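An overview of the molecular structure
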Amino acid sequence: MFGKLTRLSLAALLAGTMATSALAQDAKTVKLGWAPWSDAEFVTKLAAKLLEDKYGQKVELVQTDVAPLYQGVSRGDLDAMMMAWLPATHEDYYKRVESKVENLGPVYEGAKLGWVVPAYIPESEINSIEDLKKAEVQEKLKGQIQGIDPGAGLTRLSEEAIKAYGLNYKLQISSEAAMLTTVDREMRKDGWFVATAWSPHWMFGKYKLRYIDDPETALGDAEHVDVLARKGFAEENPEAAGFLKRMKLPIDELEAAMFNAQETSYEKAVDKYIEANPDRIKEWVEDK
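For every chain, the first residue of the written sequence is number 1, and numbering continues from 1 along that sequence. The predicted nature of this model means local features are confined to residues of pLDDT at least 70 and side-chain atom pairs, given and counted, to a pLDDT of 80 or more, with totals for whole chains, interfaces and linings taken over all residues. In computing side-chain properties, one takes all heavy atoms of the structure into account and sets aside hydrogens as well as water.

Under an unreviewed UniProt entry, the name given to the protein is Glycine betaine ABC transporter substrate-binding protein, and the source organism is Paenochrobactrum glaciei. UniProt, in its Subcellular location (unreviewed entry) section for the protein, records the words "Cell membrane". UniProt positions are given in the numbering used here, feature names are shortened, and annotations may be inferred rather than shown by experiment.

1. Focus: the packing of helix H3 (residues 38-55) against helix H12 (residues 251-263)
Note on method: axes are straight lines fitted to C-alpha atoms, helices fitted across the in-contact stretch only, with angles between N-to-C directions ranging 0 to 180 degrees. The helix count covers DSSP runs of H or I at least four residues long, the strand count covers runs of E at least two residues long, and both are numbered beginning at the N terminus. Between H3 and H12, the least distance of the axes is 10 Å, while the angle of their chain directions is 95°. The orientation of H3 with respect to H12, classified from their angle, is roughly perpendicular. Contacts from Ser38, Asp39, Phe42 and Val43 of H3 reach H12 at Leu254, Ala257, Met258 and Gln262. In terms of residue class, the contact of H3 with H12 is made up of five nonpolar, two polar and one charged. Geometric relationships in this document are graded by angle, where less than 35 degrees denotes roughly parallel, more than 145 denotes roughly antiparallel, 65 to 115 denotes roughly perpendicular, and other angles denote oblique. The contact criterion used is simple: two residues touch if any of their non-hydrogen atoms lie within 4.5 Å. Three residue categories are used. Nonpolar comprises Ala, Val, Leu, Ile, Met, Phe, Trp, Tyr, Cys and Pro, charged comprises Asp, Glu, Lys and Arg, and polar comprises the others, including Gly.

2. Brief notes about the packing of aromatic side chains
Only Phe, Tyr and Trp rings take part, Trp by its six-membered ring, and two of them pair if their centres are within 6.5 Å. Stacked means planes under 30 degrees apart, edge-to-face means over 60, and tilted covers everything else. Tallied over the full model, the rule gives six aromatic pairs. Aromatic pair Phe42 and Tyr273: ring centres 6.0 Å apart, planes at 80°, arrangement edge-to-face. Taken together, the residues span a long stretch of sequence, with Phe42 in helix H3 and Tyr273 in helix H13 (residues 266-276) at a distance of 231 residues. To sort residues, take the accessible area from a 1.4 Å probe on protein chains only and compare it with the maximum for the residue type: under 20% means buried, over 50% means exposed, and anything in between is partly exposed. The class for Phe42 is buried, based on a relative accessible area of 0%. Overall, Tyr273 belongs to the buried group, its relative accessible area being 4%.

3. A short note on the nonpolar core
To qualify as a nonpolar core, a set must consist of buried Ala, Val, Leu, Ile, Met, Phe, Trp, Tyr and Cys residues joined through side-chain atoms within 4.5 Å. Judged by nonpolar contacts, the single largest core of 99 residues is most densely connected at Phe42, Trp115, Leu132, Phe243, Met247 and Leu249. Sequence-distant contacts of Met247, defined by excluding residues within four places in its chain, comprise Val43, Leu46, Ala47, Met82, Pro106, Val107 and Trp284.

4. Some details on the packing of H12 against H13
Between H12 and H13, the shortest axis-to-axis distance is 7 Å and the interhelical angle comes to 140°. If you check the angle between H12 and H13, you find them oblique. When you trace H12 past H13, the crossing you get is right-handed. On H13, the residues that touch Glu253, Ala257, Asn260, Ala261 and Gln262 of H12 are Tyr266, Lys268, Ala269, Lys272 and Tyr273. Here the residues of the contact of H12 with H13 sort into five nonpolar, two polar and three charged. Here is the rule for handedness: rotate from the far helix to the near one, and if that takes an anticlockwise turn smaller than a right angle the crossing is left-handed, while a clockwise turn gives right-handed.

5. Some thoughts on H12
Taking 1.5 Å of rise per residue, 13 residues should cover 18 Å, and H12 covers 19 Å from first to last C-alpha, within 8% of that figure. Taken together, the buried positions of H12 are occupied by Leu254, Ala257, Met258, Asn260 and Ala261. Viewed along the axis of H12, the buried residues span an arc of 160°, placing them on a single side of the element. Looking at H12, the residues exposed on the side facing more than 90 degrees away from the buried face are Asp252 and Glu263. Those residues of H12 hidden inside the fold are in contact with H3, strand S5 (101-118) and H13. One less than the number of residues in a helix, times 1.5 Å, gives the span that helix is expected to have. The arc in question is the one traced by the directions running from the helix axis out to the C-beta atoms.

6. Examining the pattern of salt bridges
What makes a salt bridge here is a side-chain nitrogen of Lys or Arg within 4 Å of a carboxyl oxygen of Asp or Glu, nothing more. This structure, assessed with the given rule, holds 18 salt bridges. Two residues, Asp79 and Arg230, come together in a salt bridge whose shortest N-O distance is 2.5 Å. You can see Asp79 sitting in the loop between helix H4 (66-75) and strand S4 (80-86) and its partner Arg230 sitting in strand S10 (residues 223-230), a full 151 residues away along the chain. A residue is classified by how much of its surface remains accessible, and Arg230, at 2% relative accessible area, is buried. By sharing partners, the salt bridges in this structure join Glu41, Lys45 and Glu267 into a single network.

7. Quick word on the pairing of S10
Across the eight residues of S10, seven count as buried, placing the element largely inside the fold. Where S4 lies against S10, five bridges are found, and the strand directions are antiparallel. Following the sheet pairing, Ala84 is matched in S10 by Asp226. Pairing analysis gives seven bridges linking S5 to S10, with the strands arranged antiparallel. The residue bridging Tyr108 from the neighbouring strand is Val225, located in S10. DSSP calls a pair of strands paired once it identifies at least 2 bridges connecting them.

8. Observations regarding the layout of surface pockets
Estimates place the volume of the largest pocket at around 250 Å³. Cavities and pockets are defined on a 1 Å grid built over the protein atoms alone: a cavity is a set of grid points where a 1.4 Å probe fits but cannot escape, while a pocket is an open set with protein on both sides within 12 Å along at least five of seven lines, and lining residues are those with an atom within 4 Å of any such point. Looking at the largest pocket, it is lined by 14 residues, and the ones nearest its centre are Leu141, Gln144, Glu186, Trp192 and Phe193. Classifying every residue of the lining of the largest pocket by side-chain character gives five nonpolar, four polar and five charged. Considering every element that reaches the lining of the second largest pocket, the biggest residue donor is S5, with four residues. Taken together, the residues that form the lining of the second largest pocket break down as six nonpolar, three polar and four charged. Grid points are joined across faces, edges and corners, and a volume is the space filled by probe spheres set on the points.

In structure tokens form, the structure reads like this:
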């Protein structure tokens, strides 16, 4: 449904195996890159479905990690990515490529990073990051914060937050899947945990979680998630670029769709969203 699905490694991108000139020769094949985050997967597959069905364009989905995504778009190996968390989370990545890419604007706004705990933990025990310093709290949490991918902006900010608050905690760097496994396991037994998290995410529809306060704003404020395209993409493929500029999802709709994707599949969730939002889709594909 979504065209050919491939996986690029950092080495492959650095090797430049796919030249920009080759992409320019076939502007109707759109290469969209995404990292394995649930929000990125939904918006990318939604865009791919509409580009194929409404514009008749071939779409190739390229799954890789965050750093190779930015390199791929800046080198022209990818046409676009739809998960640039700005201004803080991906600040370092974006600064390195800003002059080599085109920002097509936000696909959604009001995104948030933070640390979450189960709602059943009393706020009198944990209300803010400062509360993690309490000896009894640290003991119950085993001095650990469950993290995600090593290359994620949230990981970098979480490491900085641990230093900023002077916490004697270890950030368990792993993956989104490992973080969710921990959340699910602990929630089943009313266990205590702190996990790095972000909104939008389907887990807020499945579990009763709450963000804890970050008085130092070490994890940043609300953000927007932008679409980045390679230089020249808008000129070579104005239909696709125009569509990506117009595509904007309210964050509550996105979270609901992501939860539906977990309960069914991303393909079914994409179809359901399109069917349930004809007016919004019409705005995005206004030239069709």
